[in-house]
Amino acid sequence: MARSKKDVSRRAFLKGAGAGAAALGAGIAAAAPKGPKVLGRAKTSVNFELNGKKVTVDVEPRVTLLNALRNNLDTTGPKKICDRGTCGGCAVILDGKPVVSCMMLAVDADGATITTVEGIGEPGKLHALQEAFLDADALQCGFCTAGMIVGCKSLLDANKSPKLGDVKAALAGHICRCGTYPRIFEACLKAAEKLR
Amino acid sequence: MARKVKTKWGIEGQVKEVEVSIPDADVDPWGMDADLKVVGKRHRRVGGDLVVTGRAKYTFDINLPGMLWGKILRSPYAHAEISSIDLSKAKAMAGVKAVVARIRKGEHVHYAGQDVAAVAAESEEIAAEAARAIEVEYKRLPHCVTCEDSMKDDAPTVVEGDKNVTGGRRPGREEDVEGALKESAATIEATYSTPVQTHSPLESHGVVVRWDSDTSMTCWASTQGTDAVRGQLAQAFKLKRANVRVITDFMGGGFGAKLSPGPFGLVAAEMARETGKPVKIMLDREEEHLATGNRPSSIQKVRAGILADGTLNAWSNEAHGTPGVGGFFGVPSPYIYKFKAVNVKSRSVRTNAGSSCAMRAPGHPEASFATELAVDELCAKAGLDPLEVRRKNDKHAVRQREYEIGAEKIGWKHRPKTGSQTGRVRRGMGLASSRWGTNHVPGSEVQVVAYNDGSLELQSCVQDIGTGTKTVLALIAAEEFGVKPSDIKITIGDTNFPIGPMSGGSVTASSMGPAVRLACAAVKKEVFEQAAGELGAKPEELVCADGRVVVAADPTKSMTWKKAIGLLGGERLTRTGKRFEDYKGFNDEVGGVQFAEVEVDTETGEIRPLKIVAVHDCGRIVNRPGAESQVIGGVIMGLSYGLFEERRMDRQLGMMVNPDFLWYKIAGPMDMPEIEPVLLEMANGKNNVGMYSLGEPPCIPTAGALACAVLNAIGKPVRSLPMTPDRVLEALES
Amino acid sequence: MKPFELVQATSAEEAVKATTEVRDAKLKAAGVDLLDEMKAFVTSPGRVVNLLKIKEMRGIVASKAGTEIGALTTLAEVASHADIAGGYAALAEAAREVATPEVRNMATVGGNLCQRPRCWYYRLPVYTCLKKGGNTCYAIEGDNKYHAVFETGKCPIAHPSNLAPALMVFDARLHIAGSAEEIAVADFFSMKDIKRENVLAHGDVIKKVVLPVTKMTSAYRETREKQSFDWALTSAAVGLELDGKTCKKARVVLGAVAPVPLRRPEVEKLLEGKEVTAALAEEAGAKAAEGATPLSMNKYKVKLIKAVVRRAIVAAAGLKGD
């Protein structure tokens, strides 16, 4: 095995760390000089930009970004469907890239810029993509739709002239149980055409 | 009293004028040639703008002031006696407001996933943690989670007091089948199996319950039946139905699994009462798979024979399947096609797994898969064309037309000879059919409110589960009032309004549509009576068009709808429409035929569906894109069933090992073939709109059509669903 | 999940310290896998040490010695980086096939290597399997459709990392903070301690992955049940150093078929010194499947090994066909 340090040194290292453990174990006392910042189990303030507005939300470190959006900020466009990153229902655009908000901690979004489906357009001022979804009847129950629009928007931001295969690949992490996929592809391609 | 009217019915190209007897109070039916401005055209979905902008509020999105989050603790064991339940640790946790047991010491749980206790807490996170802090001791009992285990002579009892195996229907005699098999030109003996499929609606089951007083409550529910939920909540809490209000505005899919408040709804209401605060319980994905229903599995042992002329001659099916701890297994077998001698034995096998419930066309996809693949195996053996054999053994006039259309569109004439290919990647085609009843719920009600400012509203407790019910209602009313669909406000999914049907059996649109026409007609009648004098015409000479009340024969004479409704005095006019029974019409069976083309990689066992042509009829089409979407969606659910989905149970542990979307695999965007929906134009002459069911049929034939296409491609049948690579490779080796 | 305190480490060394000083601490990069386990209560650390803010652990840098990939670099960055796609195609292809576009924007290289098994028995909180310190492996007698077909004796997980086989093809080295400084990726994956899948000690942090300069052309292929988000049933990463059509050096590593990424020296030997043809690729595929000991429900995987190895060789050698 190509370990370049001996196990001896590892044990020595651990021994040396013992005192710190006691200090950090006390929780808040961890704000010791020069040590890393420690967020206790209680609520902490998280700041980010949400759909163009600066927001602050007080959440425990264990709260996911999705739960913070839905339960604390009443931003219920992102949906909780699988809660494991496998369905795309909770997708949001974070610092320009689509991510699944159920699989990240809200505290990790501190300082980020987040766009949810609510920030892409609003009734009366729909984005071309949203118009295209309506024209193509690209929604049935609508529970996957928010995530699908976020997925399509991210694609179109990066690729002005996607082909059918690109749309399918961009949405590969999204599930629709009603079976709207073909119409979503159609809507995305039509919107791309319109936006060019 | 009945009256007779003339109308045109039939399918495109085969329309005839007939006289039908309709109730006196009904409006004249729209015939095949009705000149409709709104209905049958392409429209956007009502409420779609709220959905695409994330503003639509589903039950999952209801957050009320002071609301608590509920979470249910479920048994990890398939069969166990409760030795003790200790709620104290959970109760002591900060933020926990209620902890209740759902089962008592000494009682049994009968499947992994059965509810044992529940908590309500100030946050979702605390609730999840607190549920796990409840201490339960189980005394494990022997279980059976597979049919094989449950059917053994010495099998442990699944549910105390019940037999493990029930049924044994015998409509025919095995001797007849034996004889028919002997005279057949080709016979097969094979076992077909289908998996347990879970509904997996994307919005999980759940409610938000708020007690408005000691004797009244409001419940937001993700349900397919607002009125059913109201009735069951009222009964459970001994409330007057009038004092329970159930609201379902936007709803994230159900597929048959959301027809009651469920145990979670009852415990949410119980904890809301105990704490005096609203309680929200939305199940998570695991609970959704384990405890909210499913489509039973099936194992169908088939013997079948065909004559040299293509006559289907013999069918014997010894079938069983498991509906879990409750529900019932059954298959309408043989499906669609007429066999001369038939004998079917069907047994329902209880297992210690979550109970089945209705799932989109219960029994049909299972029956279809086995029948269609068996027929194609017979065709391959006898050297017959599967399309011709189906046409010969299916007398349904509408499907006959659908076979023609589909064959043309898929290019059936290019279908290769079964088993003739040798390349690594092989192509094949197959077809399969569906049938459904012209189901509807007489008495379904809707009311129209015409306000004196000219605005119009449609109200009913009927819910839109994603099928587009709101849109269908709006379009029919817009047609009647001569206005744009967006001019009509649709307020449904609220039990404060007249009672509509539960959305099950594909009844919603066809139950509500005719009622809408009647409600509109009642309003128009009164308005026309007032307006007639002003316009110098008789009431029956008036029509609604372009937002005006117009003299039909002289369009220069008209007034705005707002003025006309103002003539009545008062703030508003409210009139109800109530669905009559269907009258005798042209077609009592909804048809459908699907053709599939696939590519099979014989090295990896991967099946790539290339194209599916789905030809279906639904009577009059109200919103064309919506109807097409139903068909496309059904095909995709059928494809997913055929290729990917399977509840996997561990026999020894007695639990589902894939209660998620990682390993319970649902077709995604990359798995999509080209799908061409074809709606066969027709008016069925059975109700004043001429519509009937479409929700369920399109999911039925897809798996069978794919299986037949795979057989055509590789020359070997894949007899178990889902047709995953392991099974394809195994078939290739056989 | 249970509540925890979150330590915002600003350096790998700080993270090591914050992790090792507490027994129930866990390291977190993006957290895609850790949160999954925590939500299911499979693990409930009292402290989570967050690596995500350590800037110097991000990014891809090319140098004369090769290419360095910070452990916090996302899979999307690996998949789309020109140097990776150009020089280490198998790695780019492997990254491209991971999970979903959204997950690839979050998930990190380090996380992909250190993710825990996807064995559904391991992920059940109610049962303490062998890997979780118990006495029983539930997969061997249970539903093992997606489990290993090599080294199936004790704990037949199928190693879930896509990147690992590709990194093994290129003899990548891992720079570590903690109990070691550097580990060859070939020595990294190990089930010697059945509770772990690698040799890292508690608190060890992978800082970066170093890819030596290579003359190999390479490819990664996998098969799945679904084309949309799905786990590989089998995968193969192949690297070939070619002199004309002749293979001078070969690397063949299988993924998703053994508890660790599985190098196949016998297949490499078969390829080396020979002209790479479709027929040789076929032969190599068959060789790669030799010696498999499949479980009750996963014999099909053995056939799939032949397919992915053949295809990866064909692609790496730039042969015509699939």
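Residues numbered from 1 in each chain as written. Chains lettered and ligands numbered in written order. Predicted model: local features only at pLDDT ≥ 70, side-chain atom pairs only at ≥ 80, totals over all residues. Heavy atoms only, no water.

Student: Teacher, can you tell me more about the interface of chain A and chain B here?
Tutor: Accessible area lost upon the coming together of the parts serves often as the stated size of an interface. Across the boundary between the two partners, chain A contributes 50 residues, which contact 58 residues of chain B. Linking chain A with chain B are 10 salt bridges, by the criterion used here. Residue Glu645(B) is joined to Arg177(A) by a salt bridge in which the shortest nitrogen-to-oxygen separation is 2.6 Å. Across the contact surface, chain A and chain B share 31 residue pairs in polar contact (both at pLDDT 80 or more). Among the elements that take part in the side of chain A that touches chain B, helix H4 (residues 128-135) of chain A stands out by supplying five residues, more than any other. Split into classes, the residues belonging to the side of chain A that touches chain B amount to 23 nonpolar, 12 polar and 15 charged. (Contact = heavy atoms within 4.5 Å. Salt bridge = Lys/Arg side-chain N within 4 Å of Asp/Glu carboxyl O. Polar contact = N/O pair within 3.5 Å; in protein donor to acceptor, adjacent residues only side chain to side chain. Helix = DSSP H or I, 4+ residues; strand = E, 2+ residues; numbered from the N terminus. Nonpolar A, V, L, I, M, F, W, Y, C, P; charged D, E, K, R; others polar.)

Student: Quick question: what am I supposed to make of the pairing of strand S13 (residues 216-221) of chain B here?
Tutor: Strand residues, when the strand is regular, have side chains that alternate between the two faces of the sheet. Residue and element names in this part refer to chain B. Of all six residues in S13, six are buried; the element is thus mostly enclosed. Here S13 shows no split at all, with Ser 216, Thr 218 and Trp 220 on one side and Met 217, Cys 219 and Ala 221 on the other all buried. Here strand S12 (residues 206-213) pairs with S13 via six bridges, running antiparallel. Residue pairing across strands places Val 209 opposite Cys 219, the latter belonging to S13. Hairpin connection, S12 to S13: the antiparallel pair is bridged by two residues. As paired strands, S13 and strand S14 (residues 244-247) are joined by four bridges and run parallel to one another. (Buried < 20%, exposed > 50% of the residue type's maximum accessible area, 1.4 Å probe, protein only. Pairing = 2+ DSSP bridges.)

Student: When you look at the pairing of strand S3 (residues 47-50) of chain C in this model, what are you seeing that I'm missing?
Tutor: Residue and element names in this part refer to chain C. With burial as the criterion, each face of S3 is covered, one bearing Arg 47 and Val 49 and the other bearing Val 48 and Asn 50. Examined bridge by bridge, strand S1 (residues 5-8) and S3 share four bridges and lie parallel to one another. Within S3, the residue paired with Glu 5 across the bridge is Arg 47. Pairing of strand S2 (residues 25-28) with S3 involves four bridges; the strand directions are parallel. Of the residues in S3, the one forming a bridge with Lys 28 is Asn 50. Each parallel crossover has a hand, and for S2 linked through helix H2 (residues 32-39) to S3 it is right-handed. (Right-handed = clockwise from strand over helix to strand, strands pointing away.)

Student: What should I look at first to understand the environment of Lys489(B) in this one?
Tutor: All names here are of chain B. Secondary-structure assignment places Lys 489 in strand S23 (residues 488-492). Here the alpha-carbon distance between Lys 489 and Leu 653, two residues 164 residues apart in the chain, equals 53 Å. Not counting the four nearest positions on each side in its chain, Lys 489 is found in contact with Leu 456, Glu 457 and Leu 458.

Student: It is not clear to me how the interface of chain A and chain C should be interpreted in this structure. Could you clarify?
Tutor: Between chain A and chain C, the residue contacts involve 47 residues of the former and 49 residues of the latter. Across the chain A to chain C interface the summed buried area is about 4100 Å²; carbon plus sulfur atoms make up 59%. Taken together, the connections running from chain A to chain C amount to three salt bridges. The shortest N-O distance in the salt bridge between Asp83(A) and Lys39(C) comes to 2.8 Å. Applying the counting rule to chain A against chain C returns 10 residue pairs in polar contact (both at pLDDT 80 or more). Contributions of two or more residues to the side of chain A that touches chain C are made by helix H1 (7-25), strand S1 (37-39), strand S5 (97-100) and helix H6 (164-170) of chain A. Of the residues belonging to the side of chain A that touches chain C, the class tally is 23 nonpolar, 12 polar and 12 charged. Where S1(A) meets S1(C), three bridges bridge the pair, whose relative direction is antiparallel. Residue pairing for S1(C): Leu39(A) is matched across the bridge by Leu6(C). (Buried area = accessible area lost by both parts, 1.4 Å probe.)

Student: Is there a simple way to explain the packing of aromatic side chains in this structure?
Tutor: Think of a pair of aromatic rings as described by two things: how far the centres are apart, and how the planes are tilted against each other in angle. As enumerated under the stated definition, the model contains 19 aromatic pairs over all chains in all. Between Phe143(A) and Tyr58(B), the ring centres sit 4.9 Å apart and the planes meet at 80°, which makes this aromatic pair edge-to-face. One end of the pair, Phe143(A), is in the loop between H4 and helix H5 (145-158); the other, Tyr58(B), is in the loop between helix H1 (48-52) and strand S3 (68-74), on a second chain. What makes Tyr58(B) buried here is its relative accessible area of 1%. (Phe/Tyr/Trp six-rings, centres within 6.5 Å; stacked < 30°, edge-to-face > 60°.)

Student: Honestly, the nonpolar core in this entry has me stumped. Any pointers?
Tutor: Nonpolar side chains in soluble globular proteins tend to be buried together. If you look at the biggest cluster of nonpolar residues, it comprises 155 residues, and the most contacted ones within it are Phe48(A), Leu91(C) and Leu113(C). In this structure, Leu91(C) is in contact with Ile69(C), Val78(C), Ile84(C), Leu163(C), Ala166(C), Leu167(C), Phe170(C) and Leu211(C), ignoring residues within four places of it in sequence. The next biggest cluster of nonpolar side chains, apart from the first, holds 144 residues, and it includes Cys144(A), Met148(A), Ile410(B) and Phe644(B). (Core = buried A, V, L, I, M, F, W, Y, C linked by side-chain atoms within 4.5 Å.)

Student: Quick question: what am I supposed to make of H2(C) here?
Tutor: All names here are of chain C. Where burial is concerned, most of H2 is hidden: eight out of the eight residues are buried. Looking at H2, one finds that the buried residues are Val 32, Asp 33, Leu 34, Leu 35, Asp 36, Glu 37, Met 38 and Lys 39. Lining the buried residues of H2 we find S2, S3 and helix H6 (101-106). Of the residues trailing H2, Phe 41 is marked for its positive phi of about 60°.

Student: Would you take a moment to explain the sheet that holds strand S8 (residues 135-140) of chain B for this structure?
Tutor: Working definition: the strands of a sheet are paired by backbone hydrogen bonds and lie parallel or antiparallel to each other. All names here are of chain B. Spatial strand order, S6-S4-S8: three strands in an open sheet with antiparallel pairing. Two strands bound the open sheet, and with one partner strand each, they are strand S6 (108-109) and S8. Two strands pair when backbone bridges link them, and strand S4 (residues 80-86) and S8 are joined in this way by six bridges, in the antiparallel orientation. Its bridge partner being in S8, Ala 80 is matched across the sheet by Arg 140.

Student: Can you walk me through the sheet that holds strand S29 (residues 607-617) of chain B in this structure?
Tutor: Residue and element names in this part refer to chain B. Pairing within the open sheet is mixed, and its four strands lie in the order S20-S28-S29-S32. Every interior strand has two partners, whereas the edge strands, strand S20 (425-437) and strand S32 (674-680), have only one. For this sheet the average axis-to-axis angle between neighbouring strands, irrespective of direction, equals 15°. Pairing analysis gives 13 bridges linking S20 to strand S28 (residues 589-601), with the strands arranged antiparallel. Its bridge partner being in S28, Arg 427 is matched across the sheet by Glu 599. (Axes fitted to C-alpha atoms, helices over the stretch in contact; angles between N-to-C directions.)

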